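A closer look at the structure
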Amino acid sequence: MLRVAIVGSGPSGFYAAEALLKSSSVEVDMLERLPVPYGLVRYGVAPDHPKLKLPAMAYARTAAMPGFRFVGGVTVGRDVSVSELQDAYHAVVFCAGAETDRELGIPGEELPGSYAATELVGWYNGHPDYLQRNFDLTQERVVIVGHGNVAADVCRILAKPVDALRQTDIAKHALKTLSASRVREIYLIGRHRPVQAKFTDKELRELGEIPQASISLDPGYLELNPSSTAEAEDPRGQVAAWNMMLLREFAARAASTAQRRIHLRFLESPVALYGEDRLEGVILERNRLEGPPFGQRAHGSGDTLRLDCGLLFRSVGYKGVPIPGVPFDTPHGIIPNQQGRVIQGKSPLAGLYCAGWIKRGPSGIIGTNRADAVETATHLLSDFAERDCLPSKAGASTLLPLLSDRGLRCTDFQDWLKIDAAEIARGAAAGKPREKFVRVQDMFGAISDRAAV
Ligand SMILES: Cc1cc2nc3c(=O)[nH]c(=O)nc-3n(C[C@H](O)[C@H](O)[C@H](O)COP(=O)(O)OP(=O)(O)OC[C@H]3O[C@@H](n4cnc5c(N)ncnc54)[C@H](O)[C@@H]3O)c2cc1C
Ligand SMILES: NC(=O)c1ccc[n+]([C@@H]2O[C@H](COP(=O)([O-])OP(=O)(O)OC[C@H]3O[C@@H](n4cnc5c(N)ncnc54)[C@H](OP(=O)(O)O)[C@@H]3O)[C@@H](O)[C@H]2O)c1
């Protein structure tokens, strides 16, 4: 029996488990730092996008496959070391995602009022790590830096009338704060032109469909330089071409007196944040683009402007964090690897693999992780198929007593199903698909004491 430990229970962890378990002589133990599974499907995907959470149903089917075990509440690298996992398992697959955010690296970034989008996303999705965040939504003007889908999510959640969120699985504390929001203006600022924006057209279109919110867009941004025109006309620029059509439609809309206004701005980079004790605004530098199609870079023109704001969210990408005992490529925030085999220098490290965002960096939708995880699982299986004889490894029989000796309380998949049912029951009372437990102790409370519901 080939015993594999998977670290992380997001999409890449479940796709890797599924690919491995299709081989009959494999057992998979999936270790997750939280008591509950699914990574960013639970804690990233926006609450008003319930269909995008449906992959979780497929993951539950994987969890029901023979040979699968979920061990929640264990942080690998802290509660159990990688070398202890290597003693108990033939292979370890790291699917730990990108747990932190990229910074802008500009003066004033640390001012209260300046945050990572990661924090707001974790907060409105009820992630236990972000429960204590206190966003001052009495501010009228918010700036979001970045033109990706996370920025679009954050913009939409801040711009939507709160009544449009009440029947989602948004965390109760977020709903309460959003109910008192005085946000009126949201600036969505990107450093490139519209053609280079990373929004997908569906997410961009939604920004134009928010009730009681209007879009403000200077049509001048839609006049393209020759390299950007070439990009939009290239088959690789299909999404950009659709985005351009949407933006033209936004720019042609009549002036509106909507309650909230989304300002789409391009060719600007933040160079400093200002404020005495808290954020009061951002200094932006206008950019020009230089370079060939698909190779254009933004260069500061030296021309700056001030934009007062009380809140700023940088949404400029996520970043992986190192796991003690595993090589780490700090500049790229990933585990160095060759098609999923963890490497040190140029040599693969026997028995260590990775998949998902920790393997390739923080890009791609949920489905992207399937092919990525299958690649890793295929290499893992072929590496072990080449071995003449497999040493015996005890897997969970070694791991679980070790975790218990350390006083750790872990969850299994049955526990998750109880937590899931309790959350759904709590939500039903409020007309929501679920009301998440936002404290780890309450998740455990739902397992041991149904009164916690
Ligand atoms: C805000 C946001 C919204 C998104 N919305 C969508 C969307 O609507 N549709 C879409 O298709 N894609 C969406 N994506 C992209 C999608 O979520 C990712 O492609 C996908 O989640 C990456 O999967 P992963 O398994 O690599 O990482 P993750 O989903 O992050 O899973 C990693 C897991 O590892 C666990 N972990 C980390 N470190 C350890 C450790 N040391 N020990 C044990 N466990 C550990 C984490 O707790 C987590 O559960 C979104 C991404 C973000 C950031
Ligand atoms: N509904 C969905 O399907 C959904 C929802 C959320 C997320 N996702 C996916 O999750 C992945 C991550 O999304 P993301 O939005 O975090 O990342 P992203 O798509 O890579 O977007 C990051 C944005 O930050 C900008 N940026 C980076 N560094 C910057 C800097 N120093 N200054 C100014 N701007 C900077 C980038 O601009 P440049 O392009 O100029 O570098 C880009 O606009 C993506 O693949 C996304 O599609 C999907």
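Residues numbered from 1 in each chain as written. Chains lettered and ligands numbered in written order. Predicted model: local features only at pLDDT ≥ 70, side-chain atom pairs only at ≥ 80, totals over all residues. Heavy atoms only, no water.

Quick notes on the nonpolar core
So the rule is basically this: Residue types Ala, Val, Leu, Ile, Met, Phe, Trp, Tyr and Cys, when buried and joined through side-chain atoms within 4.5 Å, form a set referred to as a nonpolar core. Only protein chains enter the accessibility calculation, which uses a 1.4 Å probe; a residue whose area is less than 20% of its type maximum is buried, one above 50% is exposed, and one in between is partly exposed. Contact between two residues is taken to exist if any of their heavy atoms lie within 4.5 Å; hydrogens are not considered.
Y124, V154, L158, L217 and F313 are the most contacted members of the largest nonpolar core, which has 55 residues in total. If we ignore the near neighbours within four places in the chain, the residues touching V154 are A117, L120, V121, Y124, I144 and F313. Core analysis: the second largest hydrophobic core is formed by 43 residues, Y15, A91, I366 and M443 among them.

Quick look at the site of ligand 2
Stated precisely, the cut-off is as follows: For this purpose, a residue is taken to be near a molecule or strand whenever a single non-hydrogen atom of the residue falls within 4 Å of it. Pairs of N or O atoms are called polar contacts if they sit within 3.5 Å, as long as, within protein, a hydrogen donor faces a hydrogen acceptor (for residues adjacent in sequence, only side-chain-to-side-chain pairs). Residue exposure ignores everything except the shown protein chains as possible cover, and the areas themselves are Shrake-Rupley values with a 1.4 Å probe. Only DSSP runs of H or I reaching four residues or more are called helices, and only runs of E reaching two or more are called strands; each is numbered from the N terminus. Residue polarity is assigned by list, with Asp, Glu, Lys and Arg as charged and Ala, Val, Leu, Ile, Met, Phe, Trp, Tyr, Cys and Pro as nonpolar; anything else, Gly included, falls into the polar class. For each domain, the first and last residues come from an automatic or database assignment.
Close contacts around ligand 2 come from 22 residues, with R191, H192, K198, E203 and G364 the closest. Between ligand 2 and R191 there is a distance of 2.8 Å, counted from an oxygen atom to a side-chain nitrogen or oxygen. Here a nitrogen atom of ligand 2 sits 2.8 Å away from a polar atom, N or O, in the side chain of E203. In isolation ligand 2 has 910 Å² of accessible area, and contact with the protein removes 81% of it. The leading source of residues in the shell around ligand 2 is helix α6 (residues 149–159), at 3 residues. Of the residues assigned to the shell around ligand 2, the class counts are 8 nonpolar, 9 polar and 5 charged. A domain-level breakdown of the shell around ligand 2 finds at least three residues from each of domain 1 (2–99 + 320–411) and domain 2 (101–318).

Brief notes about the pattern of salt bridges
Where charged atoms from two side chains of opposite charge come close, those side chains can pair. The cut-off we apply is this: Any carboxyl oxygen of Asp or Glu that lies within 4 Å of a side-chain nitrogen of Lys or Arg is treated as forming a salt bridge with it.
Using the criterion set out here, one finds 33 salt bridges in the structure. For R314, the salt bridge identified is with E109, shortest N-O distance 3.5 Å. One end of the pair, R314, is in strand β14 (residues 311–314); the other, E109, is in the loop between β5 (100–101) and β6 (114–116), and 205 residues separate them in sequence. Among the salt bridges present, the one from D153 reaches R156, with a minimum N-O distance of 3.1 Å. Taken together, the positions of D153 and R156, both in helix α6 and 3 residues apart, correspond to about one turn of that helix. Residue class for D153 comes out buried when judged on its relative accessible area of 13%. What makes R156 buried here is its relative accessible area of 1%.

Observations concerning the domain arrangement of the protein chain
By a widely used convention, the size of an interface equals the accessible area lost when the partners come together. The condition is simple: Note on definitions: buried area is the accessible-area loss of two parts on being combined, 1.4 Å probe, summed for both.
Per the domain assignment, the segments making up the protein chain are domain 1 (2–99 + 320–411) and domain 2 (101–318). Here the C-alpha centre of domain 2 lies 33 Å away from the C-alpha centre of domain 1. Counting residues at the interface gives 15 residues for domain 1 and 20 residues for domain 2. For the pair domain 1 and domain 2, the summed buried surface comes to about 1,400 Å²; carbon and sulfur atoms form 53% of the total. Among the residues of domain 1 in contact with domain 2, Y43, P47 and D48 are the three that bury the most area, contributing 42% of the side total. Taken together, the links from domain 1 to domain 2 amount to 4 salt bridges. A salt bridge links D48 to R156; the shortest N-O distance between them is 2.8 Å. On the surface where domain 1 and domain 2 come into contact, there are 9 residue pairs in polar contact (both at pLDDT 80 or more).

Quick look at the sheet that holds strand β12 (residues 281–290)
Where we set the bar: In this description, strands pair whenever DSSP reports at least two bridges between them. A fitted line through C-alpha atoms serves as each axis, taken over the contacting stretch for helices, and the angle formed by two N-to-C directions is quoted from 0 to 180°.
Pairing is antiparallel across the open sheet formed by 3 strands, whose spatial order is β11-β12-β13. With one partner strand each, in any of the chains shown, β11 (268–274) and β13 (297–308) form the two edges of the open sheet. Geometrically, the sheet is characterised by an average inter-axis angle of 25 degrees between neighbouring strands, direction not taken into account.

As for the site of ligand 1
Surrounding ligand 1, one finds 31 residues, the nearest of these being S12, E32, W357, G364 and I366. I365 is positioned with one of its backbone polar atoms (N or O) 3.5 Å from an oxygen atom of ligand 1. Across the complex, the protein chains shield 93% of the 1,000 Å² of accessible surface that ligand 1 would expose by itself. Listing elements by their share of the shell around ligand 1, those giving two or more residues are α1 (11–21), β2 (26–32), α2 (39–43) and α6. Residues that form the shell around ligand 1 fall into these classes: 16 nonpolar, 11 polar and 4 charged. Two domains each provide a minimum of three residues to the shell around ligand 1, namely domain 1 (2–99 + 320–411) and domain 2 (101–318).

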